[in-house]
Amino acid sequence: PTSAQVSADPQPGRFRYTLDNNVLTTEQRQFYEDNGYLLIKKLVSDEDIERFRKEFMRICNREVKVPGAMIMKDESLRSQYGQSEKVVNKVQDFQEDEELFRYCTLPEVLKYVECFTGPNIMAMHTMLINKLPDSDQQTFLHPMHQDLHYFPFRPAARIVCSWTAMERADQDNGCLVVQPGTHKEPLKPHGYPKWEGKTNKLFHGLLDEDEKSPRVHVVMEKGDTVFFHPLLIHGSGINKTSGFRKSISCHFASSECYYIDVKNTTQEDLEKELVEMVHTKYNATSVELRDIWNFRARLVQGQRINL
């Protein structure tokens, strides 16, 4: 099927969103089934997080250049600080950075990922987020969104995000906010929110947000990792502290997932925008969305089948 409306592939029996495994308890599987996310405490070691932090600082200080990575900065602070931790708010697509990409290959992370994707695992999309202090401008408020909006592959139930806190994340410094159970809903139309001068490139959000839907602030300690479904509606608030709130994440997918054509779907505008960006940055003429994803994707376990 090529319809972008294909969401989950229901399994016969009780669980639609996880596969049979000997890692998750029945309670954990049921929690993910009902809510679309699952928090695992202290999954990633302090030592690994320290290594990721050091590599991020080296990237900020231009000691390392990562091919294909998108270094996102707050341009308004650049004249004041140059390129530094105080300016860089995201390193996206770090798959060519050996040190950061180690996150996607950690056995303790993949052990859980396999419960959602099965044994053939692709790392599809990588990010290290450095949420800057931001009390006035609200520049880095990420609107509520569904990650599947960005992905031209399906089925959604075989995709999972692993998101690890690199320090305590709470309401003060802009932790994740989720709307439990929304992973059971279809992919909704996204676009730039109507916030005067406060939109970041590609920070799309839901165009029609249900303000009444219950929200949970996912408070996490350093090393805690949350796994969530790509249709789960989530976002993050502003960082009201003077520190930096870092997290590292990867979207994993079963290599048995397949690409879809997003023409005439809610994702078509995103494809145009991404292709235009690639065209401008690399002077590439005929690029399709799947070409961009083929470039990002890396096999981390098992066999590469479709993606």
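In this text, all values refer to a predicted model and were calculated from it rather than measured experimentally.

1. Quick word on the sheet that holds strand β13 (residues 233–236)
Then step 1. Spatially, four strands are ordered β5-β13-β8-β11 in an open sheet, and the strand pairing comes out antiparallel. For this open sheet the edge positions go to β5 (142–145) and β11 (216–218), each flanked by a neighbour on one side alone. Looking at each pair of strands side by side, their axes are set apart by 20° on average, direction ignored.
Then step 2. For strand β8 (residues 176–179) and β13, the ladder comprises four bridges, and the chain directions are antiparallel. Residue pairing across strands places L176 opposite S236, the latter belonging to β13.

2. Concerning the packing of aromatic side chains
Then step 1. All chains considered together, the criterion is met by nine aromatic pairs.
Then step 2. When the ring of F153 is compared with that of W293, the centres are 5.4 Å apart and the planes differ by 80°; the resulting orientation is edge-to-face. Residue F153 is located in strand β6 (residues 153–154), and its partner W293 is located in helix α7 (residues 289–296); the two are separated by 140 residues in the primary sequence. Here F153 and W293 have matching classes, each one buried.
Then step 3. One aromatic cluster is present, formed by Y32, Y112, F116 and F227 through successive ring pairs.

3. Points about the layout of surface pockets
Then step 1. Volume-wise, the largest pocket comes out at about 320 Å³.
Then step 2. As for the largest pocket, its lining consists of 14 residues, of which M70, V278, K281, Y282 and I292 are closest to the centre.
Then step 3. Among the secondary structure elements, those contributing two or more residues to the lining of the largest pocket are α6 (268–282) and α7.
Then step 4. By residue number, the principal contributor to the lining of the largest pocket is α6, which donates six residues.
Then step 5. Along the lines of polarity and charge, the residues of the lining of the largest pocket split into eight nonpolar, two polar and four charged.

4. Examining helix α2 (residues 46–60)
Then step 1. In this model α2 runs 21 Å from its N-terminal to its C-terminal C-alpha over 15 residues, within 8% of the 21 Å that 1.5 Å per residue would give.
Then step 2. For α2, every residue scored as buried is listed here: D48, I49, F52, R53, E55, F56, I59 and C60. The arc enclosing the buried residues of α2, seen along the axis, measures out at 165°, which places them on a common side. Away from its buried face by more than 90 degrees, α2 exposes E47 and K54.
Then step 3. Backbone geometry just after α2 places R62 at a positive phi near 60°.

5. A short note on helix α5 (residues 107–117)
Then step 1. Taken as a whole, α5 has its buried residues at V109, L110, Y112, V113, C115, F116 and T117.
Then step 2. The first or second residue beyond α5 is G118, which carries a positive phi of 90°.

6. Here we look at the pattern of salt bridges
Then step 1. Enumeration according to the criterion identifies 16 salt bridges in this entry.
Then step 2. When the shortest N-O distance is used, the salt bridge between D170 and R168 registers 3.0 Å.
Then step 3. Between E185 and K188 there is a salt bridge whose closest N-O contact spans 2.9 Å.
Then step 4. Given a relative accessible area of 29%, E185 falls into the partly exposed group.
Then step 5. Overall, the relative accessible area of 24% leaves K188 in the partly exposed class.
Then step 6. Within this structure, D48, R51, E99 and R102 form a network of salt bridges that share partners.

7. Quick word on the nonpolar core
Then step 1. Ranked by size, the top nonpolar core spans 40 residues in total, and within it Y103, C104, V109, F227 and F252 carry the most contacts.
Then step 2. Of all the secondary structure elements, the ones that give two or more residues to this core are β1 (37–40), α2, β3 (88–92), α4 (98–101), α5, β4 (121–131) and β14 (245–254).
Then step 3. Considering each element in turn, this core owes the most residues, six residues, to α5.
Then step 4. Those residues in contact with Y103 that lie beyond four places of it in its chain are V44, F52, V109, S162, W163, T164, T225, I248, S249 and C250.
Then step 5. Membership of the second largest hydrophobic core comes to 25 residues, among which are M124, C257, V287 and A297.

8. Quick notes on the pairing of strand β2 (residues 70–73)
Then step 1. Going residue by residue along β2, you find M70 and M72 tucked away on one face and I71 and K73 left uncovered on the opposite face.
Then step 2. Direction of pairing for β2 relative to β3: antiparallel, over a ladder of four bridges. Its bridge partner being in β3, K73 is matched across the sheet by V88.

9. Considerations on unusual backbone geometry
Then step 1. Here the amide bond leading from R154 into P155 is cis, since omega sits at 5°, within 30 degrees of zero.
Then step 2. With respect to the helices and strands, the residue P155 is situated in the loop between β6 and β7 (159–165).
Then step 3. Positive phi is not limited to glycine here, since D93 has a value of about 60°.
Then step 4. Along the chain, D93 turns up in the loop between β3 and α4.
Then step 5. The class for D93 is buried, based on a relative accessible area of 5%.
Then step 6. Positive phi is not limited to glycine here, since N264 has a value of about 60°.
Then step 7. Relative to the helices and strands, N264 resides in the loop between β15 (258–259) and α6.
Then step 8. Judged by relative accessible area, which is 74%, N264 ranks as exposed.

Thresholds applied
Residues numbered from 1 in each chain as written. Predicted model: local features only at pLDDT ≥ 70, side-chain atom pairs only at ≥ 80, totals over all residues. Heavy atoms only, no water. Pairing = 2+ DSSP bridges. Helix = DSSP H or I, 4+ residues; strand = E, 2+ residues; numbered from the N terminus. Axes fitted to C-alpha atoms, helices over the stretch in contact; angles between N-to-C directions. Phe/Tyr/Trp six-rings, centres within 6.5 Å; stacked < 30°, edge-to-face > 60°. Buried < 20%, exposed > 50% of the residue type's maximum accessible area, 1.4 Å probe, protein only. 1 Å grid on protein atoms, 1.4 Å probe; cavity = no way out; pocket = protein on both sides within 12 Å on 5 of 7 lines; lining within 4 Å. Points joined across faces, edges and corners; volume = space filled by probe spheres on them. Nonpolar A, V, L, I, M, F, W, Y, C, P; charged D, E, K, R; others polar. Expected span 1.5 Å × (residues − 1). Arc of directions from axis to C-beta. Salt bridge = Lys/Arg side-chain N within 4 Å of Asp/Glu carboxyl O. Core = buried A, V, L, I, M, F, W, Y, C linked by side-chain atoms within 4.5 Å. Contact = heavy atoms within 4.5 Å.

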